[in-house]
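Observations on the three-dimensional arrangement
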Amino acid sequence: MSVVELAATNLLSPMVLFFVLGLVATWARSDLNIPEAVAKGMSLYLMLAIGFKGGASVAAYGVDGQLVLSIIAGLLLSALIPIVAFQILLRVTSLPRVDAAAIAAHYGSISIVTFLAAIQVLDTAGIRYEGFMVATAAAMEVPAIIVALWLAKSGSITADSNGALGSGANVGVEVGSRLDAETLREVALNGSIVILVGSFVIGAITGQAGLKSIAPFIVDPFKGVLCLFLLDMGLIAGRGLRESRKYLTLPLVLFGLYMPLIGAVLGLAAAKLCGLSVGGMALFITLGASASYIAVPAALRLALPEARPSIYVPMSLGITFPFNLTLGIPLYISLATLFAR
Amino acid sequence: MSVVELAATNLLSPMVLFFVLGLVATWARSDLNIPEAVAKGMSLYLMLAIGFKGGASVAAYGVDGQLVLSIIAGLLLSALIPIVAFQILLRVTSLPRVDAAAIAAHYGSISIVTFLAAIQVLDTAGIRYEGFMVATAAAMEVPAIIVALWLAKSGSITADSNGALGSGANVGVEVGSRLDAETLREVALNGSIVILVGSFVIGAITGQAGLKSIAPFIVDPFKGVLCLFLLDMGLIAGRGLRESRKYLTLPLVLFGLYMPLIGAVLGLAAAKLCGLSVGGMALFITLGASASYIAVPAALRLALPEARPSIYVPMSLGITFPFNLTLGIPLYISLATLFAR
Amino acid sequence: MSVVELAATNLLSPMVLFFVLGLVATWARSDLNIPEAVAKGMSLYLMLAIGFKGGASVAAYGVDGQLVLSIIAGLLLSALIPIVAFQILLRVTSLPRVDAAAIAAHYGSISIVTFLAAIQVLDTAGIRYEGFMVATAAAMEVPAIIVALWLAKSGSITADSNGALGSGANVGVEVGSRLDAETLREVALNGSIVILVGSFVIGAITGQAGLKSIAPFIVDPFKGVLCLFLLDMGLIAGRGLRESRKYLTLPLVLFGLYMPLIGAVLGLAAAKLCGLSVGGMALFITLGASASYIAVPAALRLALPEARPSIYVPMSLGITFPFNLTLGIPLYISLATLFAR
Amino acid sequence: METFAKKRIEIVVESPLMTRVLTLLDGAGVSGYTVLPVLAGRGKDGAWHRDGVVGRTGTMVMIFTIVDASKVDEVIEPLFKLVSRQIGIVTVSAVDVLRPEQF
Amino acid sequence: METFAKKRIEIVVESPLMTRVLTLLDGAGVSGYTVLPVLAGRGKDGAWHRDGVVGRTGTMVMIFTIVDASKVDEVIEPLFKLVSRQIGIVTVSAVDVLRPEQF
Amino acid sequence: METFAKKRIEIVVESPLMTRVLTLLDGAGVSGYTVLPVLAGRGKDGAWHRDGVVGRTGTMVMIFTIVDASKVDEVIEPLFKLVSRQIGIVTVSAVDVLRPEQF
Ligand SMILES: Nc1ncnc2c1ncn2[C@@H]1O[C@H](COP(=O)(O)O)[C@@H](O)[C@H]1O
Ligand SMILES: Nc1ncnc2c1ncn2[C@@H]1O[C@H](COP(=O)(O)O)[C@@H](O)[C@H]1O
Ligand SMILES: Nc1ncnc2c1ncn2[C@@H]1O[C@H](COP(=O)(O)O)[C@@H](O)[C@H]1O
Ligand code: NA
Ligand code: NA
Ligand code: NA
């Protein structure tokens, strides 16, 4: 399939259309909303399912050095992207360094829903991928946060000697000083990582027999649940965008569109180094391109409270996520196909 | 199947029995209850599923003038029934006009769960129906509210010149004055309409391929979810009845039983005019007979706060809904069979 | 299968592994948690499903005296176990009599999730069981509570003449005086009994046809839902254990491990008397061995507020439940196999 | 606008007892009450710490009722008798209302 | 620490009206507000008793806003006009805050 | 019934900070606290308006603790230090309790 065909198919898939429905509903100011408990339940379900399936696939096809290699590549990628993003942001925007660092953290980390959506497209297109990519995804959640906090700290010193930068946010004396052991533990063991990795391990232990026994729960309805979940994502993304319009300057909006492409290229390089299959490459590229909007914001509220969520959340959720979901994924798959072998 | 057989089968279906279990549990004052978030989630699921299936069916069988005709007939029916209901209520009860208008609004609008239940019975009986009836159902939600507000307003003038009517409720100076553009928008774009119509459109776009991809989520478990949902409906209907016993005079209870029949006859006429199939007719009759208990109450609390929810909610939910679910639906299907062709 | 094989298979089943994941997550102090509404929804689903399947199976195989016999045996067993447990607790611990009675109530009553887990293991091992065991389970929920309240009351008199026993808890003048008709009604008609028995009856009425129509909801995804539910149980058990460490003395921990075995032996005797099949025996043993942690605590907070939940809840949920889930069930099935015929 | 002094009685109590408390308030003739959900808590029973909803029994609710000062003792005495044996607390504070006849 | 006296306006109102009340508060220029979910309630309309959430319309929310005493009348008058026709109550009480400029 | 004057410290704070605040209260030796869920809110950070729970991070909780007047400063100072850098507010008000030794 050409990239255009792939994009067209993707744009007309139930998944993307339900996301668009959510955006439209917010735009029309409908009161449609999905209870938080239900959304949380679906999100746990999706992570459990994807983790388990990944584990079961590893059990079936065996593990080799590639798993380890790919996890290491993921860790490095997650640490590298924020540095690139930070440098760009400092150049193209006049944001305080804390805000730039905070945004950078999001792009280094990943969006598991984008990852899920990419898997669906691969499945539909009949392209296989390495089951251990789930573990790689989990590994990429945290390093970006640590690197970004270090960037913010260095920023704080700069800000002290350069008061002008501090305007617009209370860039403070203690910036970056709060990544204590406790916060690190909280971030590294946040619920989504634990259920993802835990299910991956359980899937790997119980293998195909285990998968078969719970397939009617985690495999068959998966795609439908994802549609309902994406409807909620559309609603939230739409609301976030409306609330935060005033903070999103043109340079920031553009950054939200080209930064995933930069992440994608870095992800492609990493995947190439690991020698992954086309599907695995497509997923690695997607991970590089995707931006977090759950784990990272929660961590930054604790560790970098000076950074403004009204900027970083809508950038990741309102701009980059929709871009990846609609156009990004087909593009990344085409990229992978192009560069495979 | 004769109407008696149909009724017997219906009364002993899991669907109806779970509803009865809910009623019994309330009557025995059990603390059984379903969390609101779960009930809301199920309700979103049911509407998404029914909308999508309707749309996919339209995609498969094509659209013609009938869709448009049937929507127009639905709009008119929804506007006509409240007028009939209002006149009856003024004659058989001594309710203030605001309350009469409010009740009338409910009977002009529709109950999507009654509609779902009718579809299940048709499916079980192997009777086909037009997929676009979902769109007709959505179209019928709102007109009744506007007409009823107009009736209430006219009532307000009468009430001024005839103080006696006003006793029993603060029929006020400003009655009916609150259907501003904002309220109208809220009503027309309430969550259930948006997800129903949105899913219908998505179903129509993605067609049978889309349906197939999410069928394990929206088709297979549908009936079971509906059972659990009806258990909750039974619990709520039972509780509502108990709370509101004192407001439900005999004339009101009787109205709750014969008004659906009047709505049914009007629905039959509309269906006949549109030239629908037996199944489509049965659904149109059901829509005419059913009474709203979600969208209309919410709208009336905003636009007609003087009307008492302690009367209109239990009438619709505690009397008409159980009647339709148990005896009404088999009757309506028999009616449709009788008048088909 | 030998007991060791059975235990090994069980310990490596997705069900048990997800429970362990929950324990591990708590132990690592992850913030992983499942919204209460979702957990409640799953629990309703599991009870509806198991009740319905039991009823449908009774409809298929017919009812005879065994059902009645088994219910009577269940009632007696539930009344007997607390007496045994109480006597032991008075001897091996220095707990006030109210606390001893409260703990005893838990062991006489049952854990429906343990029951579900046992059914899964039987299903996996291909061992059939009597569908009416669901009714027996429901029957066993309440008698233990009444007996335990009576034990506590007798305890109160003793405590008056023996002040020393009262130390550690405000064993009061009115202990045991609060099992009025209202509380009894609440306990006997608590939500889980009503949905279990109600679904059982509906299953029995609608039979295999009814079961078939909702099987994609209540049969196919059942095992998967149970896994997610057990993850939540693991999280809760783990948290409860951590909170209550200080109250759990060694004698209490040991009691939580050997008391299920005593209950198991009594359950075995009861099952033998009723002449059940191997599967039915295994389930009866499991019921005898399992301890309540939902219905009984709720009832005791009303009827025996002096007893300390910080002791009885973690004993049942944190010690006995994990023991039964992991080692108990395989043992009970082996026991049943051994003593069958 | 003129306001009128009333009292707000607030009760945090374990969920199983909610119905009992509401029945008591009904009996005491209060004009109404409002029940709020509680997410977490800690008290002398220590057990309900943070996510400490062990087996869901541990959940609490918060009930408040606005009454005339003259009614406080009447309501609070049986209430205190009920709640003091259970897990929970009772407080009273001052509020102003707009329509005194409503409470 | 030094604290400053402010007023807390609290509104319990049926959910469908929430948006209207918040828009009103926005218009009245309050510095912020907080909305809490309500589990159950009873009032003169009696219908929302206990689990009495008939058809979900009956759910309530509780909104509170902390304002300067000088602002109370300004906020409370339109508020009272709105809420008095609906199911709901309004109360005012005294609170102390740390940063007076925040409210 | 005799009642005793105490203080109620109330904190509305973004959810990610909840554990920190509770640990702080534990450390300050309060006798207990209660945490209520929050549905929506608006403040100077404006972003948490109405359904404005952007990506769930924006949810808030409300924590209150009842303490003796003599303890207020001790609790409120570190609290204020913690909360002031975050999204949230702190208020103090007067309440009466029945059992002074409980708080
Ligand atoms: N000092 C306090 N401030 C606020 N809430 C409290 C306080 N003490 C107890 N509570 C609440 O009341 C519940 C029961 O308290 P207790 O009976 O002391 O265990 C706790 O779980 C808290 O939710
Ligand atoms: N006296 C009261 N104390 C506390 N809450 C009340 C009181 N009266 C009414 N309410 C609350 O306000 C809601 C509406 O009251 P009403 O308009 O009187 O029906 C009730 O459902 C309660 O949640
Ligand atoms: N004046 C106020 N009255 C009530 N709640 C407020 C007020 N100001 C802020 N809040 C609450 O505190 C949260 C954080 O406020 P802020 O730090 O000002 O953004 C808001 O989301 C509201 O829930
Ligand atoms: Na990324
Ligand atoms: Na109708
Ligand atoms: Na037992």
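Structural data are supplied above this passage.
The sections below set out a description of the structure shown in this document. All values derive from a computational prediction rather than experimental measurement. (Residues numbered from 1 in each chain as written. Chains lettered and ligands numbered in written order. Predicted model: local features only at pLDDT ≥ 70, side-chain atom pairs only at ≥ 80, totals over all residues. Heavy atoms only, no water.)

Quick look at the overall build of chain A
We count it as follows: Runs of E in the DSSP output that reach at least two residues are strands. Runs of H or I that reach at least four are helices, and both are numbered from the N terminus. Throughout, the radius of gyration refers to the C-alpha atoms, and the reference size of a globule is 2.2 Å times the residue count to the power 0.38. Exposed residues in this analysis have more than 50% of their type's maximum accessible area, buried residues have under 20%, and partly exposed residues fall in between, with area computed by a 1.4 Å probe over protein chains only. In this analysis, two residues are considered to be in contact whenever any of their non-hydrogen atoms come within 4.5 Å of each other. A 1.4 Å probe and the Shrake-Rupley method give the accessible areas. Residues count as covered only by the protein chains that appear here. Lys and Arg are tallied as positive, Asp and Glu as negative. Neither His nor the chain termini are counted. Charge positions come from single atoms, namely NZ of Lys, CZ of Arg, CG of Asp or CD of Glu.
What chain A contains, in helices and strands, is 16 helices and 0 strands. Relative to the compact-globule value of 20 Å for 341 residues, chain A shows a C-alpha radius of gyration of 19 Å, a close match. Structurally, chain A occupies a C-alpha span of about 60 × 50 × 40 Å along its principal axes. Looking at chain A as a whole, 65% of its 341 residues are labelled buried. Once local pairs closer than 6 in sequence are excluded, the contacts in chain A between residues at least 24 apart make up 89%. For chain A, the computed accessible surface area is about 11400 Å², with 69% contributed by carbon and sulfur atoms. Averaged over its 19 positive side-chain charges, chain A has a centre that lies 5 Å from the centre of its 17 negative ones.

Comments concerning the side chain of T34(D)
With respect to the helices and strands, the residue T34(D) is situated in strand 2 (residues 33-37). You can call T34(D) buried: its relative accessible area is 7%.

Some words on the coordination of the sodium ion (ligand 5)
Residues and elements named next belong to chain B. What counts, and what does not: Excluding water, the donors of a metal are its N, O and S neighbours within 2.8 Å, or within 3.2 Å for Na, K and Ca, and that exclusion means sites may look incomplete.
Here the sodium ion (ligand 5) is held by the protein donor atoms Y107 (O), S109 (O), L287 (O), G288 (O) and S290 (O), which lie 2.4 to 2.9 Å from it. Sequence positions of the donors to the sodium ion (ligand 5) reduce to the motif Y-x1-S-x177-L-G-x1-S. With Y107 in helix 5 (residues 97-108) and L287 in helix 14 (residues 278-289), this residue pair connects regions lying 180 residues apart in the sequence. As far as the burial class goes, Y107 and L287 line up, both buried.

Digging into the site of ligand 3
Applied cut-off: Note on definitions. A residue lies near a molecule or strand when any single heavy atom of the residue is within 4 Å of it. Counting of polar contacts relies on pairs of N or O atoms within 3.5 Å, with two restrictions inside protein: one atom must be capable of donating a hydrogen and the other of accepting it, and residues adjacent in sequence are counted only when both atoms are side-chain atoms.
Surrounding ligand 3, one finds 20 residues, the nearest of these being S31(E), T34(E), I66(E), K44(F) and D45(F). Nearby residues around ligand 3 are contributed by chains E and F. At a separation of 2.8 Å, a nitrogen atom of ligand 3 approaches a polar backbone atom of I66(E). One of the backbone N or O atoms of G88(F) is found 3.0 Å from an oxygen atom in ligand 3. Expressed as a share of its isolated accessible area of 480 Å², the protein-covered part of ligand 3 is 99%. Counting only elements with at least two residues in the shell around ligand 3, the list comes to strand 2 (33-37) and strand 4 (60-67) of chain E together with strand 3 (40-42) and strand 5 (88-97) of chain F.

So, the pairing of strand 5 (residues 88-97) of chain E
Note on strand geometry: in a regular strand, side chains alternate between the two faces of the sheet. Test applied: By this definition, two strands are paired if DSSP reports at least two bridges between them.
The buried fraction of strand 5 of chain E amounts to 8 of the 10 residues, a majority that puts the element mostly inside the structure. Judged from the 2 bridges that link them, strand 5 (residues 88-97) of chain D and strand 5 of chain E form a sheet pairing that is antiparallel. Among the inter-strand pairings, V97(D) is bridged to a residue of strand 5 of chain E, identified as T91(E). Sheet analysis places strand 1 (residues 4-14) of chain E next to strand 5 of chain E, joined by 10 bridges and oriented antiparallel. What sits directly across from F4(E), in strand 5 of chain E, is V97(E).

Section: the coordination of the sodium ion (ligand 4)
Residue and element names in this part refer to chain A. The coordination sphere of the sodium ion (ligand 4), as far as protein atoms go, consists of Y107 (O), S109 (O), L287 (O), G288 (O) and S290 (O), spread over 2.3 to 2.9 Å. Considered as a linear motif, the donors of the sodium ion (ligand 4) on their single chain read Y-x1-S-x177-L-G-x1-S. By relative accessible area, Y107 is classed as buried at 2%. The buried category is assigned to L287, whose relative accessible area is 0%.

Let's talk about the packing of aromatic side chains
Residues and elements named next belong to chain A. Quick note on the threshold: Each Phe, Tyr or Trp ring, with Trp reduced to its six-membered ring, pairs with another whose centre is within 6.5 Å; inter-plane angles below 30 degrees give stacked pairs, above 60 give edge-to-face pairs, and intermediate values give tilted ones.
Tallying each qualifying case throughout the model produces 21 aromatic pairs over all chains. Measuring from ring centre to ring centre gives 5.7 Å for F255 and Y258, while their planes differ by 75°; the resulting arrangement is edge-to-face. Of the two residues, F255 and Y258 both sit in helix 13 (residues 250-274), 3 residues apart, roughly one turn of that helix. Residue F255 is classed as buried on the basis of its relative accessible area, which comes to 0%. Judged by relative accessible area, Y258 falls into the partly exposed class, the value being 28%.

Brief notes about the relation of the copies chain E and chain F
Note that the two copies of the chain are related through a rotation about an axis and a translation along the same axis. Put simply, the rule reads: The copies were overlaid with a least-squares fit restricted to C-alpha atoms from residues scoring a pLDDT of at least 70 in each copy.
When chain E is fitted to chain F, the best match, at an RMSD of 0.0 Å, comes from turning it 120° and sliding it 0.0 Å along the axis. Taken together, these values place the two copies in the relation of a three-fold axis. When each C-alpha of chain E is compared by its distance to the rotation axis, P37(E) comes out closest, at 4.2 Å. The share of interface residues of chain E whose copies in chain F are also at the interface is only 8%, consistent with the copies meeting through different surfaces.

Looking at the interface of chain B and chain C
Interface size is commonly expressed as the accessible area that is lost once the parts come together. Spelled out, the test is: Simply put, the buried area is the total loss of 1.4 Å probe accessible area from both parts when two parts are fitted together. What makes a salt bridge here is a side-chain nitrogen of Lys or Arg within 4 Å of a carboxyl oxygen of Asp or Glu, nothing more. In the scheme used here, Gly and all other residues not listed as nonpolar or charged are polar, with Ala, Val, Leu, Ile, Met, Phe, Trp, Tyr, Cys and Pro taken as nonpolar and Asp, Glu, Lys and Arg as charged.
Taken together, the contacts link 25 residues of chain B with 23 residues of chain C. Summed over both sides, the interface of chain B with chain C buries roughly 2000 Å², with 77% coming from carbon and sulfur. The three residues of chain B that bury the most area against chain C are F18(B), R29(B) and L228(B), which together make up 22% of that side's buried surface. At the junction of chain B with chain C, the criterion picks out 0 salt bridges. Taken together, chain B and chain C are joined by 5 residue pairs in polar contact (both at pLDDT 80 or more). Among the elements of the structure, helix 2 (14-27), helix 3 (36-61) and helix 12 (222-244) of chain B are those that each provide at least two residues to the side of chain B that touches chain C. Looking at the side of chain B that touches chain C residue by residue, the class counts come to 17 nonpolar, 4 polar and 4 charged.

Quick notes on the arrangement of the chains
At no point do chain A and chain D touch; the closest pair of C-alpha atoms across them sits 13 Å apart. A gap remains between chain B and chain F, with no contact made and the closest C-alpha atoms lying 13 Å from each other.

Focus: the site of ligand 1
In the vicinity of ligand 1 lie 20 residues, with K44(D), D45(D), S31(F), T34(F) and I66(F) positioned nearest. Around ligand 1, the nearby residues trace back to chains D and F. At 3.4 Å, a backbone N or O of G32(F) approaches a nitrogen atom of ligand 1. Residue Y33(F) places a main-chain N or O atom 3.4 Å away from an oxygen atom belonging to ligand 1. In isolation ligand 1 has 480 Å² of accessible area, and contact with the protein removes 99% of it. Those elements giving two or more residues to the shell around ligand 1 turn out to be strand 3 (40-42) and strand 5 of chain D together with strand 2 (33-37) and strand 4 (60-67) of chain F.

Examining the interface of chain E and chain F
Tallying the contact residues gives 26 residues for chain E and 25 residues for chain F. When the two sides are added together, the surface that chain E and chain F hide from each other amounts to roughly 2200 Å², 60% of it contributed by carbon and sulfur. Put simply, chain E and chain F have 2 salt bridges between them. In this structure, R8(E) engages E10(F) in a salt bridge whose closest nitrogen and oxygen atoms are separated by 2.6 Å. Linking chain E with chain F are 7 residue pairs in polar contact (both at pLDDT 80 or more), by the criterion used here.

Digging into the relation of the copies chain B and chain C
Of the transformation placing chain B onto chain C, the axial shift is 0.0 Å and the rotation is 120°, giving an RMSD of 0.0 Å. The share of interface residues of chain B whose copies in chain C are also at the interface is only 4%, consistent with the copies meeting through different surfaces.

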